[in-house]
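These are the residues of each chain, in order.
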Amino acid sequence: MDLMSFADYAGTGAFAISGTLSASEKKLDLFGATFIGFVTAVGGGTIRDLLLGNTPVTWIQGWHYFVIILSAIALTFIFYRYIIKLKQTLFLFDTIGIGVFTIIGMEKALIFGLTPPISLVMGLSSAVVGGVLRDTFCNDVPLIFHREIYATACIVGGTIYLALHYFEVETHFSQIATILSIILIRLLAIKFNLSLPKITNAQE
Amino acid sequence: MDLMSFADYAGTGAFAISGTLSASEKKLDLFGATFIGFVTAVGGGTIRDLLLGNTPVTWIQGWHYFVIILSAIALTFIFYRYIIKLKQTLFLFDTIGIGVFTIIGMEKALIFGLTPPISLVMGLSSAVVGGVLRDTFCNDVPLIFHREIYATACIVGGTIYLALHYFEVETHFSQIATILSIILIRLLAIKFNLSLPKITNAQE
Amino acid sequence: MDLMSFADYAGTGAFAISGTLSASEKKLDLFGATFIGFVTAVGGGTIRDLLLGNTPVTWIQGWHYFVIILSAIALTFIFYRYIIKLKQTLFLFDTIGIGVFTIIGMEKALIFGLTPPISLVMGLSSAVVGGVLRDTFCNDVPLIFHREIYATACIVGGTIYLALHYFEVETHFSQIATILSIILIRLLAIKFNLSLPKITNAQE
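Rules used in this analysis
Per-chain numbering applies: the sequence of each chain, read as written, is numbered from 1 onward. Whichever chain is written first becomes A and whichever ligand is written first becomes 1, with later ones labelled in order. Restriction of local features to residues with pLDDT of at least 70 applies here, the model being predicted, together with a cutoff of 80 or more for giving and counting side-chain atom pairs; totals for whole chains, interfaces and linings are based on all residues. Note: side-chain values were computed over all heavy atoms of the structure, leaving out hydrogens and water. UniProt positions are given in the numbering used here, feature names are shortened, and annotations may be inferred rather than shown by experiment. Among the buried residues, those of types Ala, Val, Leu, Ile, Met, Phe, Trp, Tyr and Cys that are joined through side-chain atoms within 4.5 Å form a nonpolar core. The classification of residues rests on relative accessible area computed with a 1.4 Å probe and restricted to protein chains. Under 20% of the type maximum is buried, over 50% is exposed, and intermediate values are partly exposed. By definition, residues are in contact when any of their heavy atoms lie within 4.5 Å. For any pair of parts, buried area is found by adding up, for both, the accessible area (1.4 Å probe) each one loses once the two are put together. Whenever a carboxyl oxygen of Asp or Glu lies within 4 Å of a side-chain nitrogen of Lys or Arg, that contact is scored as a salt bridge. In the analysis that follows, any N or O atom pair within 3.5 Å is treated as a polar contact, provided that within protein one partner can donate a hydrogen and the other can accept it, and provided that, for residues neighboring in sequence, both atoms belong to side chains. In this description a helix means any DSSP run of H or I spanning at least four residues, a strand means any run of E spanning at least two, and both kinds are numbered starting from the N terminus. Three categories are distinguished: nonpolar for Ala, Val, Leu, Ile, Met, Phe, Trp, Tyr, Cys and Pro, charged for Asp, Glu, Lys and Arg, and polar for the others, with Gly belonging to the last. Copy-to-copy superposition: least squares on the C-alpha atoms, limited to residues that have pLDDT of at least 70 in both copies. Helices are assigned an expected span. That span is 1.5 Å times one less than the residue count. Here the bend at a residue means the angle between the axes of two seven-residue stretches, the one that ends at it and the one that starts at it. Two aromatic rings, drawn from Phe, Tyr or Trp (for Trp, its six-membered ring), form a pair once their centres lie within 6.5 Å of each other, and the interplanar angle then sorts them: stacked below 30 degrees, edge-to-face above 60, tilted otherwise.

- Chain A is annotated in an unreviewed UniProt entry as Glycine transporter domain-containing protein of Saccharicrinis fermentans DSM 9555 = JCM 21142.
- Under Sequence similarities (unreviewed entry), UniProt gives the following word-for-word description of chain A: "Belongs to the UPF0126 family."
- Quoted verbatim from the Subcellular location (unreviewed entry) heading of the UniProt record, the comment on chain A is "Cell membrane".

Below is the structure:
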């Protein structure tokens, strides 16, 4: 298994766990938690595949995603007390996840012949839409719409990837540089408590 | 008209009525109620078709679903006082509906060459996602995420269908056995007030 | 650039602004506002394209929509104080937008060989689903489900278009007649404070 596949699976599992934890905070039952876990893990990639017309969508082909997601949800149910303490590990896997999802989304879009800016949008969709759907189905305003540097990290990382791609830098190097830059930006944003401006702020 | 088509149309009508009733509780207007009625009735099958790449999606081809859904919504508007008293009939049709939608979804997925577990997910999508979208657009946490055995009945019924399919049991018999088992499980769940565990329960 | 393209772009920009304004009321950040602006502008056409199987969806092909939407969102951020005063201009562009989106949706559906009533549904999806998604992601019950004559104007306008199409009236004339009728209905509805009935009203 290559590095990107490992990162893809680690990210998928981390997203499934994050969905299951959100669902448990909302006191959803086992089915609700499983639904939200799935939507969080595959929602972004699914929307990207649908927009591109890349069907049947990736996760319903083959076993890998299905088994990883169900296992992650089951582990969260069984080891709930321990998993909620693993915040830093989950944070790391989640950040690896958005990094690798950004790259996979952009690479698919470029294969479909889309322009670089639209490819960046597709990368971003892959990375963040799962979380948006998770919060929408849990009846919350999506977290990433009003807190934290999250999508921004993907946008910067994705732009770096496109630049390296343009200059024909070797793919593996580009991928690692992209993921590391996304992790770095997110860590810096948390350390320095950075957040994006709001319209209302800008007017005061 | 064969038995499956009848069950499909009865279920579609029951779903449209359930959506219209939800919308009326939320004091939506005629358009809002019609929108929610449609989404409830065709939402699950639409998501299934999109994931498979089976487009144009089923309900926009031909007249049947369109006429049935509009009629069901119109009847609900006109005979509202009577229809809300028909709870048991609606319950029966709704349960027939989730049964037949589970089967249709699985059969389509198997035709597309998907694995049995993923086919079960596609059957489940067909059956329950309409209701999830209904509640989401009405700005509620989806009912089936925290109350009642509903999706579980489809999962058990779908598993029975796959087992009978594996042993090459005659299709009509499998279909009837699946629908009856889903009805039975739902009735038993209500009679004995069964519900799925929640994470938080599991920890107490 | 022909008249329909101009109306399409004006409507897209107006929708993006409306989304950004909704997002700012909800105190979303720059990313949240951009996401909602995009979803409002392209959501309806995207759902129509997905239902038809017309992929990659229109807006991810080429630059036009992407640049218009990003510009509209940026202008809203920068000139917020002025733009919120332009209510009548925005209202006009928004109404031109739903008119032209209704027509584009119907024309695409007719090309795909769908029946006239379903084509009307596709036109309506193009026009109103963006606003429905905007409100859903902002965690509100969609505005058009309980206030204002909005979808109704599209339904009447779309029916006029289908009638003129049936009698083989020249296309440009049909398009202008449709858009004008939609504008007229919406203005009359606001002037006379018209709204659709609700089930609960009907029962009192």
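Now that the structure has been shown, we can carry on.
### Comments concerning the nonpolar core
Phase 1 of the analysis: In terms of nonpolar packing, the biggest core is built from 202 residues, with Trp-59, Val-128 and Phe-145 of chain A, Trp-59 of chain B together with Trp-59 of chain C touching the most fellow members.
Phase 2 of the analysis: In contact with Trp-59 of chain C, not counting residues within four places along its chain, are Leu-51, Ile-118, Val-121 and Met-122 of chain A together with Phe-38, Val-42, Thr-46 and Tyr-65 of chain C.

### Details of the interface of chain B and chain A
Phase 1 of the analysis: The interface of chain B with chain A comprises 33 residues on the first partner and 28 residues on the second.
Phase 2 of the analysis: When chain B packs against chain A, the two sides together hide about 2,800 Å² of surface, and 73% of this comes from carbon and sulfur.
Phase 3 of the analysis: Where chain B touches chain A, the interface holds zero salt bridges.
Phase 4 of the analysis: Applying the counting rule to chain B against chain A returns five residue pairs in polar contact (both at pLDDT 80 or more).
Phase 5 of the analysis: Secondary-structure elements contributing two or more residues to the side of chain B that touches chain A are helix H2 (30-52), helix H6 (116-137) and helix H9 (199-202) of chain B.
Phase 6 of the analysis: With ten residues, H6 of chain B is the largest single contributor of residues to the side of chain B that touches chain A.
Phase 7 of the analysis: Among the residues forming the side of chain B that touches chain A, the class breakdown is 22 nonpolar, seven polar and four charged.

### As for the UniProt feature "domain: Glycine transporter" (unreviewed entry) in chain A
Residue and element names in this part refer to chain A.
Phase 1 of the analysis: Under the feature "domain: Glycine transporter" (unreviewed entry), the UniProt entry names residues 6-80 and 92-165.
Phase 2 of the analysis: Note that residues 6-80 is 79% helix and 0% strand, and that its end C-alpha atoms are spaced 24 Å apart.
Phase 3 of the analysis: The distance from the first to the last C-alpha atom of residues 92-165 is 25 Å, and the span holds 77% helix and 0% strand.

### Concerning the relation of the copies chain B and chain A
Phase 1 of the analysis: At an RMSD of 0.0 Å, chain B and chain A line up after a rotation of 120° and a shift of 0.0 Å along the axis. Taken together, the rotation and translation relating the two chain copies correspond to the operation of a three-fold axis. Looking at the rotation axis and the C-alpha trace of chain B, the residue lying nearest is Asn-139 of chain B, at 3.8 Å.
Phase 2 of the analysis: When the interface residues of chain B are mapped onto chain A, a mere 9% of them are again interface residues, pointing to distinct binding faces.

### As for the relation of the copies chain C and chain B
Phase 1 of the analysis: For the match of chain C to chain B, the screw axis carries a shift of 0.0 Å, the RMSD comes to 0.0 Å, and the turn is 120°.
Phase 2 of the analysis: Interface residue correspondence from chain C to chain B reaches only 9%, placing this contact among heterologous pairings that use different surfaces.

### Points about helix H2 (residues 30-52) of chain C
All names here are of chain C.
Phase 1 of the analysis: Counted at 1.5 Å a residue, the expected span for H2 with its 23 residues is 33 Å, and the 32 Å between its end C-alpha atoms agrees.
Phase 2 of the analysis: The sharpest bend along H2 measures roughly 55° and falls at Val-42.
Phase 3 of the analysis: Counting buried positions along H2 yields 21 of 23 residues, so the element is predominantly enclosed.
Phase 4 of the analysis: One side-chain oxygen of the residue at the start of H2 lies 3.0 Å from the amide nitrogen of Phe-31, identifying that residue as Asp-29.
Phase 5 of the analysis: Among the residues trailing H2, Gly-53 stands out with phi positive, at a value near 85°.

### Brief notes about the packing of aromatic side chains
Phase 1 of the analysis: Evaluated as defined, the whole model comprises 29 aromatic pairs over all chains.
Phase 2 of the analysis: Measuring from centroid to centroid gives 4.9 Å for Phe-35 of chain B and Phe-145 of chain C, while their planes differ by 45°, and the two rings are tilted. With one member in each of two chains, Phe-35 of chain B in helix H2 and Phe-145 of chain C in the loop between helix H6 (116-137) and helix H7 (151-166) form a pair that bridges those chains. The same class applies to Phe-35 of chain B as to Phe-145 of chain C, namely buried.
Phase 3 of the analysis: Between Phe-35 of chain C and Phe-137 of chain C, the aromatic rings sit 5.6 Å apart at their centres with planes inclined by 90°, giving edge-to-face as the arrangement. Taken as a pair, Phe-35 of chain C in helix H2 and Phe-137 of chain C in helix H6 lie far apart in primary sequence, 102 residues in all.
Phase 4 of the analysis: Residue classification places Phe-35 of chain C among the buried residues on the basis of a relative accessible area of 14%.

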